[in-house]
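Spelled out, the chains give:
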Amino acid sequence: MANLNTALDHTFRFYPGVDIAYRFADPWKLYASWNMALRMPTYTELYYGDKATRKGNEHLYPEETQSFEAGIRFQKPALQFTAAGFWYKGKNMIDWVGLTGDSILYSVNHTRLSNMGVELSGRLDLTRFSGSQTFIGSLYAGYMYIHQTKDTDPGYVSEYALDYLRHKWVMRLEHRLYRKLAASWAFRWQKRMGTYQNKAGIATSYPAFALLDLRLSWNAERYNLYGEVNNLLGRNYYDLGNIPQPGFWLKVGASYKFVFR
């Protein structure tokens, strides 16, 4: 990609990307990718402001990032597994920040951010061994770890760029209940680094939290009925920023497939 923006300096900037993969055996594949990217500041980040909470900055520079990922993947109909390592580097990262105890957030460019991490995931489809009538249909597990280094001033409260996930576990179980009735359980545990300002204006570290979701579905040939519950246990938690997240959330729905012959 080549970019020329007349609002900056009338200079061409190039952002290439390279992806490569090598299948050294039938189920195994090695892969790697390197990409560069550009993000222009939004109108809100440039010009929005109010006296109580935010003040934009019309002198922002665009974000420039480059990322590298390499991994190995095993893929069979009954079993898939991926292990990967990644590195992400950003320059002039745009964020809303403020001094600890200050109620106003300012739109700024962070100097540099660098994220390094690993990701592991695997899925086992038991219906490939026992048929569609087996009780347990599939199992999935995934884990991600990130370590961040940053070149920025201490004492700032960040809205999102510095508040990154250090650990994240995800597990899913799908199984049959009765005839065409199936259930899907999803468990998530995560720990976010960084801080948010509580109601008293005090910088508070993000606590780790765990959530459990459940989906029930009746899967017929032509139609599907489902009910989905997010945060089944009604946990109180903060995911990003100082806004409490919803508790118990129920969704129901139906779909029908029309076939014209």
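Residues numbered from 1 in each chain as written. Predicted model: local features only at pLDDT ≥ 70, side-chain atom pairs only at ≥ 80, totals over all residues. Heavy atoms only, no water.

(A) Spatial organisation of the confidence of the model for the chain. This prediction gives the chain a mean pLDDT of 89; 96% of its residues lie at or above 70. For the chain, strand β10 (residues 156-158) is the element with the lowest average pLDDT, namely 71, and strand β3 (residues 17-22) is the one with the highest, namely 97. (pLDDT = per-residue confidence, 0-100. Helix = DSSP H or I, 4+ residues; strand = E, 2+ residues; numbered from the N terminus.)

(B) The pairing of strand β8 (residues 105-125), seen in detail. The pairing of strand β5 (residues 54-55) with β8 spans two bridges and is parallel. The residue bridging lysine 55 from the neighbouring strand is tyrosine 106, located in β8. Note: strand β7 (residues 79-99) against β8, 18 bridges, orientation antiparallel. The partner of tryptophan 87 across the bridge, within β8, is methionine 116. (Pairing = 2+ DSSP bridges.)

(C) Region of interest: the side chain of serine 114. Here serine 114 shows up in strand β8. The buried category is assigned to serine 114, whose relative accessible area is 14%. Side-chain polar atoms of serine 114 contact the side chain of tryptophan 87, separated by 3.2 Å. (Buried < 20%, exposed > 50% of the residue type's maximum accessible area, 1.4 Å probe, protein only. Polar contact = N/O pair within 3.5 Å; in protein donor to acceptor, adjacent residues only side chain to side chain.)

(D) Expanded view of the pattern of salt bridges. Within this structure, the stated rule accounts for nine salt bridges. The salt bridge involving lysine 76 is made with aspartate 26; its shortest N-O contact spans 3.7 Å. Linking lysine 76 in the loop between β6 (63-75) and β7 with aspartate 26 in the loop between β3 and β4 (28-39), this pair joins segments that are 50 residues apart in sequence. The exposure class assigned to lysine 76 is partly exposed, which follows from its relative accessible area of 36%. (Salt bridge = Lys/Arg side-chain N within 4 Å of Asp/Glu carboxyl O.)

(E) Summary view of the environment of aspartate 239. By the secondary structure assignment, aspartate 239 is in the loop between β16 (223-230) and β17 (249-256). We classify aspartate 239 as partly exposed; its relative accessible area is 22%. In this structure, the C-alpha to C-alpha distance between aspartate 239 and arginine 192, residues 47 residues apart in sequence, is 7.8 Å. If near-sequence neighbours (up to four positions away) are discounted, aspartate 239 is found in contact with Gln190, Arg192, Tyr206, Phe209 and Gln245. At 2.7 Å, the side chain of aspartate 239 forms a polar contact with the side chain of glutamine 190. (Contact = heavy atoms within 4.5 Å.)

(F) Representation of unusual backbone geometry in the model. Positive phi values are uncommon outside glycine, yet asparagine 92 reaches one of about 60 degrees. With respect to the helices and strands, asparagine 92 occurs in strand β7. Not every positive phi belongs to a glycine, and arginine 179 is a case in point at roughly 50 degrees. Topologically, arginine 179 is positioned in the loop between β11 (165-178) and β12 (181-192).

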